[in-house]
Amino acid sequence: MRKLFLQIFIMALVSFSAFAQSDTEFSNSISISDEYVFVEGIDNWNIVQLGYERRMNSLTLISRLQYADRLGQNGTFLSFIGYPEFSENSYGYVNLGFSPDNSNLFPELRFSSAFYHSVTDQLVGGAGFQYTKVPGEDAFVANIYANYYFGNYLLLIRPSYLIDDSNSSFSGAVSLRRYYNSAKSYGEFLIGAGRSIENSTLEDAFQQTYLNRIAALKLDHSLSDEWSLQSSLTLSRNDFSSGTERNQFGVRLGVTRNF
């Protein structure tokens, strides 16, 4: 069954490339990354991600396939992402993802959308939402985005409000990004706190975590027009509704090839 979904995934990527039009030299990218997470008190787990990106004049399409292995279980998650440009000052974001094998490691369904607009030359504002479904529970997240550019830096502020069947709460994250020789070469430091499921992978984190504190350091480096490297270190502490507290440390490495 997993082989069949992988074939469908590859066919979708080929279809995107066949119908897309672009006038840039490097309009396609393929990427692969591996994240290993050290979890306090339980077995560690691993996520491998394969991605394809197609850049067009006013639309960027991204397809991703994730494979996770944790506590003797494994599962896959497919997502399809679009960034349409509506004008010189506004663009959108749409993301549809699902678990084809109904794994407990990923949500059954995740859909999110957002709209961004350049308020000034330095400030970009946006708003959006996310719907996530896991067995027995649904959740809705409302997000606000503020991106402020100054010099070689970008400040990103992302408050959100989560509504689900058991609890509603605020959360937020702030990150500072420093660009180097190109838009694909930067370092970023992020801190956040709250019960946010915007990037949650595992079902138990979605259903039981009532407080998450996270700090992350990310580095993307462009080696050439064709190749770039991605890396990140993430430290988080999860407080569960059962009273359990657990620390996690993640290491992620990836490579991208443009063509």
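Below is a summary of the structure that appears in this document. (Residues numbered from 1 in each chain as written. Predicted model: local features only at pLDDT ≥ 70, side-chain atom pairs only at ≥ 80, totals over all residues. Heavy atoms only, no water.)

Concerning the overall build of the chain
Check the secondary structure of the chain and you find 2 helices and 14 strands. A buried classification covers 41% of the 259 residues belonging to the chain. Taking the contacts inside the chain whose residues are at least 6 apart along the sequence as the reference set, 45% of them involve residues at least 24 apart. As presented, the chain carries roughly 13900 Å² of accessible surface, and 59% of it is formed by carbon and sulfur atoms. (Helix = DSSP H or I, 4+ residues; strand = E, 2+ residues; numbered from the N terminus. Buried < 20%, exposed > 50% of the residue type's maximum accessible area, 1.4 Å probe, protein only. Contact = heavy atoms within 4.5 Å. Areas by Shrake-Rupley, 256 points an atom, 1.4 Å probe, with all protein chains shown as cover.)

Quick word on the pairing of strand S1 (residues 28-39)
Sheet topology places S1 next to strand S2 (residues 45-55); 10 bridges connect them, and they run antiparallel. Residue pairing for S2: Asp34 is matched across the bridge by Val48. In textbook terms, the turn of a hairpin is the stretch between consecutive antiparallel strands, and for S1 and S2 this stretch comprises 5 residues, one of which, Gly41, has a positive phi near 85 degrees. Taken together, the 11 bridges between S1 and strand S14 (residues 245-258) define a ladder with antiparallel strand orientation. What sits directly across from Ser29, in S14, is Asn258. (Pairing = 2+ DSSP bridges.)

Digging into the nonpolar core
Counting residues in hydrophobic clusters, the biggest one holds 8 residues: Val37, Val39, Trp45, Ile47, Ala68, Phe77, Leu105 and Phe106. For this core, the elements supplying multiple residues, two or more each, are S1 and S2. Residues in contact with Val39, not counting those within four places in the same chain, are Asn44, Trp45, Arg246, Asn247 and Gln248. In terms of nonpolar packing, the next biggest core, distinct from the first, is built from 7 residues, Ile81, Ala114, Tyr116 and Val124 among them. (Core = buried A, V, L, I, M, F, W, Y, C linked by side-chain atoms within 4.5 Å.)

With respect to the environment of Ser29
Tracing the backbone shows Ser29 in strand S1. Since its relative accessible area comes to 5%, Ser29 is described here as buried. Between the alpha carbons of Ser29 and Arg257 there is a distance of 5.5 Å; along the sequence they are 228 residues apart. In this view, Ser29 contacts Gly51, Tyr52, Glu53, Arg55, Thr256, Arg257, Asn258 and Phe259; residues no more than four positions away in its chain are not counted. A polar contact of 2.8 Å, which involves the side chain of Ser29, links it to the side chain of Arg55. A distance of 2.4 Å separates a polar atom in the side chain of Ser29 from a polar atom in the side chain of Asn258. (Polar contact = N/O pair within 3.5 Å; in protein donor to acceptor, adjacent residues only side chain to side chain.)

Regarding the environment of Gln130
Looking at where Gln130 falls in the secondary structure, it is placed in strand S7 (residues 123-134). Residue Gln130 is classed as buried on the basis of its relative accessible area of 4%. At 3.0 Å, the side chain of Gln130 and the side chain of Thr132 are in polar contact.

Some thoughts on the pattern of salt bridges
This structure, assessed with the given rule, holds 6 salt bridges. Residue Glu188 is joined to Arg177 by a salt bridge in which the shortest nitrogen-to-oxygen separation is 2.8 Å. Taken as a pair, Glu188 in strand S11 (residues 186-194) and Arg177 in strand S10 (residues 168-179) lie far apart in primary sequence, 11 residues in all. Of the residues examined, Glu188 reaches a relative accessible area of 9% and is grouped as buried. Arg177 gets classed as buried once you look at its relative accessible area, which sits at 16%. (Salt bridge = Lys/Arg side-chain N within 4 Å of Asp/Glu carboxyl O.)

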